[in-house]
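# Working through the structure, step by step
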Amino acid sequence: MSILVTKPFLPPIQAYQNMLERLWQTKMLSNNGEYVQELEASLKTYLQVPNLLYCTNGTIALQLAIKSLGLSKEIITTPFSYVATINSIIWENCTPVFVDINADDLCIDTQKIEEKITKNTEAILATHIFGHACDVEEIDSIAKQYNLKVIYDAAHCFGSKYKGRSLLSFGDISTGSFHATKLFHTIEGGCLVTNNNEIADTLAAKRDHGFIHKQSETFGTNARQSELHAAMGICNLQFIESILSKRKEDALLYFSKLENTSLSFLVVKEHEEYNHAYFPVIFPDEATLLKVMSLLESNDIFCRRYFYPSLNNLPYIIKTECLVADDISKRVVCLPMFHDLTNENIELICSLILQCI
Ligand SMILES: *Cc1c(COP(=O)(O)O)cnc(C)c1O
């Protein structure tokens, strides 16, 4: 059987079925139903955040964040992320302004932010890439100095912490994705987290066509999520500790096989508790990467070039040079990482890689 870069975790089917039975009785399938409310409450407790809104997906979460903060001009962002980050900026009629990344953690290089700030800059939208923390303190301080809003794309961050706080709890708003490929998922789904109660009220209204007390009072959209998706989340959340600890073991095994070679890895920083959502490896050059991927594919093993090309090179973007992102995006690959991955799988993958490098 093929080994793919990721495979969704699924709870015991009986647990999910039991939850569905109740829906067949109540016939309440959507509109902020009891499972959505239960999932939101459990996630708030798990992540220790005051406000969390569950929504349709992580892309609409980013769009709602941009819309709710009233942004309409320039947003400083990272060239190294999934396309959802940039597409939501453009979809909300804002202009992305790229700032290159650090070569070690692949997050936005905070030393290069200030030179890109203009009178039209309204916000910084940064991604905690692969679940590793951006320099949240420096971003916060720049934002305060220039009166900018901060949004974090925390799609990879479920279970990651910085200084004991969930990475989903930073900035004016953090957004999450619960897509099936993510470490914690609800098949499709996303969330918005904010420490500001007023912003939370705005987001809640905008998620449901602006409805507050049965009346449409503000411009909104439909970002509601269904009870069937929330039920999957409630089931999966019960396994989160074992999902996280299994990933950590897998990462340690990968690392023990591949360290002291020409490959480089992202390091877990001081004060960071990492969720091991991904296992990115950086090759010395693109030719080696392609050689490794083709050998793996001939053995039915499929990695992914997360993220290639870098977003500053997309065809519908005004090209900006980002030397580090351009270079790294050509050399980085995520190795398979999922709950059922076996030690034998990892050993096979590593031995094939070692043949090529
Ligand atoms: C998955 C992801 C999203 C959002 O994805 P959805 O599929 O819309 O839930 C946003 N940003 C990043 C970095 C992602 O990886």
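Below is a summary of the structure that appears in this document. Quick caveat, the model's predicted, so the values are computed rather than measured.

### Some details on the overall build of the protein chain
Along the protein chain, the regular secondary structure elements total 11 helices and 15 strands. Compactness check: the protein chain gives a C-alpha radius of gyration of 20 Å against a globular reference of 21 Å for 357 residues, within 12% of the reference. Overall, the C-alpha framework of the protein chain stretches about 65 × 55 × 35 Å when taken along its three principal axes. Out of the 357 residues in the protein chain, the part that is buried amounts to 55%. Taking contacts inside the protein chain between residues at least 6 apart in sequence as the whole, the part at least 24 apart equals 70%. For the protein chain, the exposed surface amounts to about 16100 Å²; the carbon and sulfur share of it is 52%. Computed over 30 positive and 42 negative side-chain charges, the separation of the two mean positions in the protein chain equals 4 Å.

### Describing the site of the ligand
The local shell around the ligand holds 14 residues, among which T59, D153, H156, S177 and K182 are the closest. In this structure, an oxygen atom belonging to the ligand sits 2.5 Å away from a side-chain N or O atom of T59. In this structure, S177 approaches the ligand through a side-chain N or O atom, which is 2.7 Å from an oxygen atom. Relative to its unbound accessible area of 380 Å², the ligand is 92% covered by the protein chains. Of all the secondary-structure elements, those providing two or more residues to the shell around the ligand are α3 (58-68) and α4 (83-91). Here the residues of the shell around the ligand sort into 3 nonpolar, 9 polar and 2 charged.

### Regarding the side chain of S177
Mapped onto the elements, S177 comes out in strand β8 (residues 173-177). Of the polar contacts made by the side chain of S177, one reaches the backbone nitrogen of H179; its length is 3.3 Å. Beyond its immediate chain neighbours, meaning those up to four positions away, S177 contacts G58, A155, K182, F184, G189 and G190.

Cut-offs used in this document
- All chains use their own residue numbering, which begins from 1 and follows the written sequence.
- Since the coordinates come from a predicted model, pLDDT governs what is reported: local features require at least 70, and pairs of side-chain atoms require 80 or more to be given and counted, while whole-chain, interface and lining totals use all residues.
- As a rule here, side-chain values cover all heavy atoms of the structure and leave hydrogens and water aside.
- Counting from the N terminus, the helices are DSSP H or I runs at least four residues long and the strands are E runs at least two residues long.
- Atoms considered for the radius of gyration are the C-alpha atoms alone. The globule rule reads 2.2 Å times the number of residues to the power 0.38.
- When accessible area is computed with a 1.4 Å probe and restricted to protein chains, residues below 20% of their type maximum are described as buried, those above 50% as exposed, and intermediate ones as partly exposed.
- A contact between two residues is defined here by any heavy atoms of the two lying within 4.5 Å.
- Calculation of accessible area relied on Shrake-Rupley with a 1.4 Å probe; when residues are assessed, cover is drawn exclusively from the protein chains displayed.
- When charges are counted, Lys and Arg are positive and Asp and Glu negative, with His and the chain ends excluded.
- By convention, the point assigned to a charge is CZ for Arg, NZ for Lys, CD for Glu and CG for Asp.
- Any residue with a heavy atom positioned within 4 Å of a molecule or strand is treated as near that molecule or strand.
- Two N or O atoms form a polar contact when they lie within 3.5 Å of each other; inside protein one atom must be a possible hydrogen donor and the other a possible acceptor, and for residues adjacent in sequence the pair counts only when both atoms belong to side chains.
- Classification used: nonpolar for Ala, Val, Leu, Ile, Met, Phe, Trp, Tyr, Cys and Pro, charged for Asp, Glu, Lys and Arg, polar for all others including Gly.

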